[in-house]
Amino acid sequence: MFPSVLLAALSVSAVVTVVTAVSSQAYTWKNVKIGGGGGFVPNIVFNPSQKGIAFARTDIGGAYKLKSDDSWTPLLDFADDARWNYWGVDAIATDPVDPNRLYLTTGMYTNSWDPNNGQILISTDQGKTFTPSSLPFKVGGNMPGRGMGERLAIDPNSHNILLFGARSGKGLWKSTDYGASWTQIKNFPSVGTYIPDPTDTSGYNSDIMGLSWVTFDTTSGSSGKATPRIFVGVANKGSDNVFVSNDAGSTWSAVAGQNNTFIPHKGVLSVAEKALYVSYSDGAGPYDGTSGSVWKYSIANSTWTDITPVSGGDLYFGFGGVAVDVQRPGTIMVAALNSWWPDGQIFRSTDGGATWTGLWAWESYPTLNRFYTYDDTLAPWIGPDRTITDLTMQIGWMMEGLSIDPFDSNHWLYGTGETIYGGHDLLKWDSGDTRNITLKSLADGVEETSVQGLISPPSGPHLISAIGDVDGFVHNDLDKAPSVSFSNPTYSSSSDIDYAGNKPSTIVRVGTTTDGSQGKQVAISSDSGTTWSQDYGAPDNVAGGKIAISADGDTILWKTSSNGIMVSQYTNPFSAVSSLPASAAIASDKRNNSIFYGADGSKFYVSTDGGKTFAAKGTLGTSTSPSKVIVHPNVTGDVWVSTDKGLFHSTNTGSSFTAISGVTQAWAIALGAPKIAGGYPALFAAANIGGVGYFRSDDAGANWVKINDAAHGFGSASANCLAADLRTYGR
């Protein structure tokens, strides 16, 4: 229980407001439907022994299980602030002996961005629940090379045995107790040598990629005994990179005759052919790839055959995803990594790689023959909403996950940097030049966008978002995928969004591209995000950060990513604001057009001249890092600030602040519709109030209820955005 004590102090200091014990309120949580995934899906894995079981892993959005209606169920929504790195899934394995068993290797980064070691998450109920098994090293679910794999594999003859190929020079690891404990196989010949960029001081591109994949040869051995033959791919370039053991991992050697020009990304076994198919690329992926190859290794003959689908000037990409049709020996598919122009490409062979056909082919430049019918019904914003003949990207990019259902040769799925595509008529591919399959967006239920900003204006659409990689959306219906994302201008990513308090249909957003290829990086809408125009007062090659628009919508305050804080009125050129620290959190008053706010360290700043100059006013206790400033939608000068030291409230335009008792740290905060008409807005906070969670107060912070539960942890509290609906109480 929190103490019920009221402390008074001078106006320049923080006053303490009493908080009583926090209870919980049951909430119904649903995804705001985007429908297309919205991010990279490194792999999709089918269970080989039970029909209808498949799983997908993502780099920042956790793992998902396929449902019979082609939609997906999230498995890791329970991951909370303490377990946020569960959402980075670097490998996945579904048990071929006991299909109820599922293993995920999780951890977000191997550099300093993630201070935690990784873990193997073990499920015995197909992902309904998990038990973590700690690893003594980090895992990189969102690191370079995350499309390679799978790094985690289950022995099909003795399924208590698992092998995992680690990053960062940590080598090959083994478990003999269903993943509960792990030991390093110290005599494995190589821990990997490839480093994408040794000069990268952040550590993101300067870590050793390590081992690429592990494949047990089910054509060797017998049930109940450890599989003798195991293949392992290693991220080496220019030296041996495919290794084999013929004695269940006791000894290892390089596979003779291999081509080590490129990095092996996938090693997929074709049992009927007794062959190993290996895709190679000249980079770690998932963004790069300018050359590569595909090889077939005959296990019976110990020979390699180059079966690369294209050569010469047609080979300007590497290869990622590999799939075999277990019902049709010799049928193999491989995906380009990355064909950025004129489109992504997937190749298919029905004769073991001797001949290939593509998903598209040139008719005559600039016309493409596309051998598919495009269907984006479930995510119409992905578009174009038709099968096209021009040079627009449609098939996808970053295609490292490619799978054919082992029980249905017509059913296939592949992951891209944005969605999951596939269909149920794959065998039509084999109809020669008249082939025409259905290529459909099949990521319904996979919601892994990187949300950077959210607003819920008092009128118009209920929710408007700024999103990494896919720009952002207007949601008039929270249960329906939007038909389009932002356009004209279109940004690769938007980093923030705001609305004008007195004119809520006036919206501003900010993009993140600094090379000039996407124009000015501030865009304004006067119709709630339906149409946009560039703010031509924005300086060239300046982008990112946070943004606030004045109450009447004529002035923009911009905390840029690298050029300090700037202000512009009437779309005139932006000018520097020297009186506000560059690291300050910013906001606009929602009623007074001249007032803007800033918070930096323990100081709170106010501008009364439209953001041109700021003066320090009240203090925020001993805060060192404010997170968010929000303002009452109807009352000038009623301001809330979340910081590393708690939550602070001012009712006098920031001249003094009250510290909310019991809130030891707060991140995202938002004000929504009041419980009683005319009452104080409901206050929502991602905060530490006797523990990190998500809370609502109906009385300005005096009392709180926790609104998330054990099934909804929402990952890293400090990384999330909040918006509260000003029209619907409690949302």
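The numbering scheme is per chain: residues are counted from 1 as the chain's sequence reads. Owing to the predicted nature of the model, reporting of local features is limited to residues with pLDDT of at least 70; listing and counting of side-chain atom pairs is limited to 80 or more, with chain, interface and lining totals taken over all residues. Where side-chain values are given, they derive from all heavy atoms of the structure, hydrogens and water being excluded.

Student: I would appreciate a short explanation of the side chain of Ser158 in the present structure.
Tutor: Position of Ser158 among the secondary structure elements: in the loop between β11 (152-154) and β12 (162-165). Under this definition, polar contacts are N or O atom pairs within 3.5 Å; protein pairs additionally need one hydrogen-donor-capable and one acceptor-capable atom, and for neighbouring residues in sequence, both atoms have to be side-chain atoms. Within the structure, the side chain of Ser158 is placed 2.6 Å from the side chain of Asn160, a separation counted as a polar contact. Two residues qualify as a contact provided that any one of their heavy atoms is within 4.5 Å of a heavy atom in the partner residue. Apart from the residues lying within four places of it in its own chain, the contact partners of Ser158 are Lys225 and Ala226. Secondary structure follows DSSP: runs of H or I at least 4 residues long count as helices, runs of E at least 2 residues long count as strands, and numbering of each begins at the N terminus.

Student: Hey, could you run me through unusual backbone geometry in this one?
Tutor: Glycine aside, residues mostly have negative phi angles, and peptide bonds mostly take the trans form. For the peptide bond that leads from Tyr365 to Pro366, omega is 5°, which places it in the cis range. Counting through the fold element by element, Pro366 comes out in the loop between β27 (360-364) and β28 (367-370). In the Ramachandran plot, Asp471 falls in the positive-phi region, its phi being about 75° despite a non-glycine side chain. Turning to its location among the elements, Asp471 is positioned in the loop between β35 (463-468) and β36 (474-475). At Thr653, a position not held by glycine, the phi torsion is positive, near 60°.

Student: Would you take a moment to explain the sheet that holds strand β8 (residues 102-106) for this structure?
Tutor: Within a sheet, adjacent strands bond to each other through the backbone by hydrogen bonds, running parallel or antiparallel. Pairing is antiparallel across the open sheet formed by 4 strands, whose spatial order is β7-β8-β9-β10. Each edge of the open sheet is held by one strand with a lone partner, namely β7 (89-94) and β10 (131-134). Looking at each pair of strands side by side, their axes are set apart by 20° on average, direction ignored. For two strands to count as paired, DSSP must find a minimum of two bridges between them. Pairing geometry for strand β9 (residues 119-123) and β10, over 4 bridges, is antiparallel. Within the sheet, the bridge partner assigned to Ile122 lies in β10 and is Thr131. Axis geometry follows a simple rule: fit a line to the C-alpha atoms, using only the stretch in contact for helices, then measure angles between N-to-C directions, giving values from 0 to 180 degrees.

Student: Explanation requested: the pairing of strand β46 (residues 596-600) in the structure shown.
Tutor: With a 1.4 Å probe rolled over the protein chains alone, any residue whose accessible area is under 20% of its type maximum counts as buried; one over 50% counts as exposed, and the rest are partly exposed. Judged by how many residues are buried, β46 sits mostly within the fold: 5 of 5 residues are covered. Going residue by residue along β46, you find Phe596, Gly598 and Asp600 tucked away on one face and Tyr597 and Ala599 tucked away on the opposite face as well. One ladder, built from 4 bridges, connects strand β45 (residues 585-588) with β46; its direction is antiparallel. Bridge assignment links Ile586 to a residue of β46, and that residue is Gly598. In terms of strand pairing, β46 meets strand β47 (residues 603-607) through 5 bridges, oriented antiparallel. Bridge pairing in β47 links Phe596 to Ser607.

Student: Sorry, what's going on with the domain arrangement of the protein here?
Tutor: Throughout, the edges of the domains are those of an automatic or database domain assignment. The assigned domain composition of the protein is domain 1 (43-441), domain 2 (450-576) and domain 3 (589-600 + 627-730). For domain 1 versus domain 3, the distance between C-alpha centres works out to 43 Å. Buried area, as used here, totals the accessible surface that two parts lose on assembly, with accessibility defined by a 1.4 Å probe and the loss added over both. For the domain 1 and domain 3 pair, buried surface summed over both sides reaches about 570 Å², with 56% attributable to carbon and sulfur atoms. Basic side-chain nitrogens of Lys or Arg form a salt bridge, by our definition, when they fall within 4 Å of a carboxyl oxygen of Asp or Glu. Where domain 1 meets domain 3, there are 0 salt bridges. Across the domain 1-domain 3 interface, the total number found is 6 residue pairs in polar contact (both at pLDDT 80 or more). The classification used treats Ala, Val, Leu, Ile, Met, Phe, Trp, Tyr, Cys and Pro as nonpolar, Asp, Glu, Lys and Arg as charged, and all other residues, Gly among them, as polar. Here the residues of the side of domain 1 that touches domain 3 are counted per class, giving 4 nonpolar, no polar and 3 charged.

Student: Please clarify how the packing of aromatic side chains should be interpreted in this entry.
Tutor: In this description, an aromatic ring pair is defined by two values, namely the gap between the centres and the angle between the planes. By convention, a stacked pair of Phe, Tyr or Trp rings (six-membered ring in the case of Trp) has centres within 6.5 Å and planes under 30 degrees apart, an edge-to-face pair has planes over 60 apart, and any other such pair is tilted. The tally for this structure, following the rule as stated, stands at 34 aromatic pairs. Ring plane angle 65° and centroid distance 5.9 Å describe the contact between Tyr374 and Tyr421, whose orientation is recorded as edge-to-face. One end of the pair, Tyr374, is in strand β29 (residues 372-375); the other, Tyr421, is in strand β32 (residues 420-423), and 47 residues separate them in sequence. Among the aromatic residues, ring-to-ring pairing joins Tyr374, Trp412, Tyr414, Tyr421 and Trp429 into one connected group. Here, a charge over a ring is recorded when the distance from Lys NZ or Arg CZ to the ring centre is within 6 Å and its angle to the ring normal is within 35 degrees. Over the face of the ring belonging to Phe371 we find Arg435, whose NZ or CZ atom lies 3.7 Å from the ring centre. In this structure, Arg509 is placed above the aromatic ring of Trp532, and the distance from its NZ or CZ to the ring centre is 4.4 Å.

Student: Would you mind going over the sheet that holds strand β20 (residues 275-281) with me for this structure?
Tutor: Across the sheet, 4 strands lie side by side as β19-β20-β21-β22; this open sheet has antiparallel pairing. Either end of the sheet is taken by a strand with one partner, and the two such strands are β19 (263-270) and β22 (303-306). With direction set aside, neighbouring strand axes in the sheet form an average angle of 25°. Sheet topology note: the β19/β20 ladder contains 7 bridges and is antiparallel. Looking at β20, one finds that Val268 is bridged to Tyr277.

Student: Can you walk me through the pattern of salt bridges in this structure?
Tutor: If the charged atoms of two oppositely charged side chains come close together, the side chains can form a pair. Throughout the structure, instances matching the rule amount to 19 salt bridges. Here Arg146 ties to Asp59 by a salt bridge, and the two come within 3.0 Å at their closest N and O atoms. Linking Arg146 in the loop between β10 and β11 with Asp59 in the loop between β4 (54-57) and β5 (63-66), this pair joins segments that are 87 residues apart in sequence. A residue is classified by how much of its surface remains accessible, and Asp59, at 5% relative accessible area, is buried. With its nearest N and O atoms 3.0 Å apart, the salt bridge here joins Arg696 to Asp698. Judged by its relative accessible area of 24%, Asp698 is partly exposed. Through salt bridges with shared partners, a single network forms among Asp90, Arg151 and Arg167.

Student: For this particular structure, what's the right way to read the environment of Gly352?
Tutor: Mapped onto the fold, Gly352 is located in the loop between β25 (346-349) and β26 (357-358). In this structure the C-alpha to C-alpha distance between Gly352 and Val324, which are 28 residues apart in sequence, comes to 9.5 Å. Here Gly352 is in contact with Glu273, Tyr277, Lys296, Ile307, Gly330 and Ile332, once residues within four sequence places are set aside.

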